[in-house]
Every structure is written in C-alpha cells, then in structure tokens.
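# Inside the fold
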Amino acid sequence: MKIEKRVFSGVQPTGNLHLGNYLGAIVNFVEMQKEAPCLFCVVDMHAITLWQDPDELRASTREVTAAFLAAGIDAKKHIIFNQSRVDGHAYLAWICNCVARVGWLNRMTQFKEKAGKDRENASLGLYAYPSLMAADVLLYRATHVPVGDDQKQHLELARDIAQKFNSDFDEFCERYGYPDGFFPLPEPMISGPATRIMSLRDGTRKMSKSEPSDMSRINLTDNADEIAKKLKKAKTDPEPLPSDVEGLKDRAEADNLVGIYAALAKTDKASVLGEFGGAQFSKFKPALVELAVEKLAPIAAEMKRISEDRAYIEEVLKDGGERANEIASKHLRVVKDIVGFLQS
Ligand code: TYM
C-alpha cells in the first residue's frame, strides 16, 4: 500500500524562540509546505516535563504560534495546533511506552543533559519525553520530520518504536489492512548549513533557550538594534576568514557565523567563503548584521502584529486542533484494534 507523504514537527513553548529554532527548524517547515500536507505542533505537553508557570506557558504557546504564522506557515492549507488539544498524543504515548525498552531510553543524551546530576529528582515525564515525541509523529503516520541536529537521536528512537510495533503486531497490522506495518518509519530531515547553531558567546555550546546569557542568542523577537549589538559582540578568533570550508575546522565561532550567514542568505558555507574568504571579522560582521536585520526584523515585526490579535491565534489553534484530531482519532481507532482493545 502506498504511504502518503506527511510532514510533522514540533516546537516547545518554553522561553524565547531563537535563531537556532528558526534556521534549524522553522525555515524548513516553511519549505516543506510545498511538498506535502504538514502539521506543525506547539508541544505544550513536552514543555511541562520541566515545571512551567501556567500563565507563561499559555503566553509562550501563543508566541510560538505567532512565530509559525509570521515565518510564513499557511494555517489554512496546513495545520497549526497545540499538542494538548489532541488527546491522542498522550494515549499513543502510553502504547509507545509499552513498546520502547528501558535500555533505549537510558541511552538518550538529552535526558542526561537536562536531568544533570540530580537525576533521581527529574520528572518521570522528562525521562519518557522521547516516547511522547515518537507518539507525536506516529499518531499522524508522518513520513518526514524537519528538525535541527539535536533531535536526531529522538527520531531514531521513534523509528525503533515504529519498527518494533510493526513487528510485534505484524499479524494484526495485516489483519486490519496494513501488511507492511501500521506505522511508516519517519524520516528525519536535518539539512542545510544551520542544523546546529551555536551560542554567540561560546562556539562549542548549542544556542539554547535555557542559556542564562541573552547575549548568547538572537531571539526571534529581537529588534534591529539588539540583533546588531549581539552579532557585533559575538565571540570570534583573530584570524581572517578562510577561503574554503576545510579552513573552518577547529574554528567553532567562525564556522558558526559563516553557517548563520549561509542559512540566512539561503546558500552554503562554500559560497559565503567564496565572497568573504581572506576578510577580517571587522568586514564580515557588518555584512552579517545587515543580512540578519534584513531577514529577521520583518519577522519580529510580524510576530508582534500577530501576537496582538489573540482571538486570531486562538482560532488558528482551535481549528488546527480539530483537523489534527480528525486524523489522529482515525489512526488511533486502528491502533486500538491492532493492540487488542475492545471498542464499540
Ligand atoms: P525544541 O523546542 O527544543 O526546538 C525546536 C526545533 O528547533 C531546533 N533547534 C535548533 N536547530 C539548530 N540549532 C540550534 N541551536 C537549535 N536549537 C533548537 C530543534 O532541533 C527543533 O527542531 N523535542 C523537540 C520538540 C518536538 C518534536 C516532536 C519535534 C516534540 N515532538 C515531534 C519533531 C517531531 C524539541 O524539544 O524541540
């Protein structure tokens, strides 16, 4: 049976969205709209694996929605919704929990990083997080998942869960009309020059919402002055830019800034170095500032405009949630049959 192409991805509503989220994920969401039906989810259930202030969670959920819309996602042709609206995520996550092995979860590096030294005190939700993430994708039988590099291991786990489910229940998948297994193995789409944007203060650390210094990241809500200030202060080294990509090896900060330029200009690092190879940062940084302001300031302005229309945002999420739920409940009915739950 031919499997229809379908795209799913998610972004957590915690803290400020930053350039890494934008270039590593959201820009690719916008591109994927041309290729297949897409679902883009504000994953509020993932967010509460670490305690969130409920009012801030609501505000962040609206803000991520505004960012999706401002970046150019078409909420009429595709689906934008918040995860908690569709009960199927939690339901299927339970089934994924029963398929996934403890040994698989124990290997997840993001849990180790987030739980830190006080692992015994981390929430059970934080530990099971990748299983919920697998359920997000599998609930819609999504085939393609655009994400940044840091989600690669989680998506490999989603594939392992899908594969084990299909094989544990092969006879039953066939009985209910899916001889090749019910879940397609989702394909991570990690591409382009910005799959891992690093901190502006330390090129060896990922740009992240949780980094205490705001100077380490460009937030999607930053205005032109803030963007310029942060890029001008970004850490560099004393050498001029190399003329080929090989020359960026062991120069984490230079590599990062060239990658950011390439992603914003929709080109690759080699072309950027073709133009700026041999130049000092004193020449490259102003060009980067100009490009970043040109590309990002209109998004910040549009986010602000959309954010002021709370009723519109809530309508988008409600309508998206209803359409997502239609797909999800259809799939969940089949999954319940396959695993042997009685339904009338
Ligand atoms: P989250 O909210 O941490 O990040 C959202 C997206 O942004 C990407 N990203 C980056 N890309 C490049 N450089 C960076 N510094 C950077 N930081 C973040 C992430 O890779 C991600 O694509 N677990 C996911 C959310 C999720 C999800 C899903 C994703 C939940 N369910 C199902 C795909 C499919 C997360 O925490 O992303």
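Residues numbered from 1 in each chain as written. Predicted model: local features only at pLDDT ≥ 70, side-chain atom pairs only at ≥ 80, totals over all residues. Heavy atoms only, no water.

## Let's talk about the domain arrangement of the protein chain
When its domains are assigned, the protein chain resolves into domain 1 (7-195 + 310-339) and domain 2 (214-305). Centre-to-centre, using C-alpha coordinates, domain 1 lies 30 Å away from domain 2. Opposite the 14 residues of domain 1 that make contact, domain 2 presents 18 residues. Interface of domain 1 and domain 2: buried area, both sides summed, is about 1,300 Å²; carbon and sulfur atoms make up 76% of it. For domain 1, the biggest contributors to the area lost against domain 2 are L19, Y22 and P193; these three give 40% of the whole. (Domains from an automatic or database assignment. Contact = heavy atoms within 4.5 Å. Buried area = accessible area lost by both parts, 1.4 Å probe.)

## What about the site of the ligand?
Taken together, 28 residues surround the ligand, and among them Q12, Y129, D136, D150 and I197 come closest. Within the contact set of the ligand, a nitrogen atom lies 3.1 Å away from a backbone nitrogen or oxygen of G20. Contacts to the ligand include D136, whose side-chain N or O atom sits 2.7 Å from a nitrogen atom. If the ligand stood free it would expose 710 Å²; the protein chains cover 96% of that surface. Listed by contribution, the elements that provide at least two residues to the shell around the ligand are β1 (7-11), α1 (19-32) and α7 (124-139). Its residues placed into classes, the shell around the ligand shows 12 nonpolar, 11 polar and 5 charged. (Near = heavy atom within 4 Å. Polar contact = N/O pair within 3.5 Å; in protein donor to acceptor, adjacent residues only side chain to side chain. Areas by Shrake-Rupley, 256 points an atom, 1.4 Å probe, with all protein chains shown as cover. Helix = DSSP H or I, 4+ residues; strand = E, 2+ residues; numbered from the N terminus. Nonpolar A, V, L, I, M, F, W, Y, C, P; charged D, E, K, R; others polar.)

## Comments concerning the packing of aromatic side chains
Applying the stated criterion across every chain, the model contains 13 aromatic pairs. Positioned above the aromatic ring of Y91 is the side chain of K336, whose terminal nitrogen or guanidinium carbon lies 4.5 Å from the ring centre. (Phe/Tyr/Trp six-rings, centres within 6.5 Å; stacked < 30°, edge-to-face > 60°. Lys NZ or Arg CZ within 6 Å of the ring centre and 35° of its normal.)

## Focus: the side chain of K230
Relative to the assigned elements, K230 resides in helix α10 (residues 224-233). Among the polar contacts made by the side chain of K230, one reaches the main-chain carbonyl oxygen of R217 at a distance of 3.0 Å. When residues no more than four places from it in sequence are discounted, the contact partners of K230 are L200, D214, M215, R217, I218, N219 and D222.

## Points about the nonpolar core
If you look at the biggest cluster of nonpolar residues, it comprises 64 residues, and the most contacted ones within it are L23, F68 and F284. Counting residues per element, this core draws most heavily on helix α13 (residues 281-307), which supplies 11 residues. Counting only domains with at least three residues in this core, you end up with domain 1 (7-195 + 310-339) and domain 2 (214-305). Setting aside its immediate chain neighbours within four residues, F68 contacts V11, I26, F29, F40, C41, V42, I73 and I80. Core analysis: the second largest hydrophobic core is formed by 49 residues, L105, L157, A162 and C173 among them. (Core = buried A, V, L, I, M, F, W, Y, C linked by side-chain atoms within 4.5 Å. Buried < 20%, exposed > 50% of the residue type's maximum accessible area, 1.4 Å probe, protein only.)

## A short note on empty space enclosed by the protein
Vacant regions in the atomic arrangement are exposed by a probe of water-molecule size rolled over the atoms. Within this structure, the stated rule accounts for 3 cavities of 30 Å³ or more. A volume near 60 Å³ is recorded for the largest cavity. Lining the largest cavity are Q110, F111, K114, L126, Y129, P130 and H154. Sorting the residues of the lining of the largest cavity by element identifies α6 (109-115) and α7 as the ones contributing at least two each. (1 Å grid on protein atoms, 1.4 Å probe; cavity = no way out; pocket = protein on both sides within 12 Å on 5 of 7 lines; lining within 4 Å. Points joined across faces, edges and corners; volume = space filled by probe spheres on them.)

## Some points on the pattern of salt bridges
Using the criterion set out here, one finds 19 salt bridges in the structure. Note that R58 is salt-bridged to D55, the shortest N-O span being 3.0 Å. Of this pair, R58 and D55 both sit in helix α3 (residues 54-71), 3 residues apart, which is roughly one turn of the helix. Classification of R58 as partly exposed rests on a relative accessible area of 45%. Residue class for D55 comes out exposed when judged on its relative accessible area of 56%. (Salt bridge = Lys/Arg side-chain N within 4 Å of Asp/Glu carboxyl O.)

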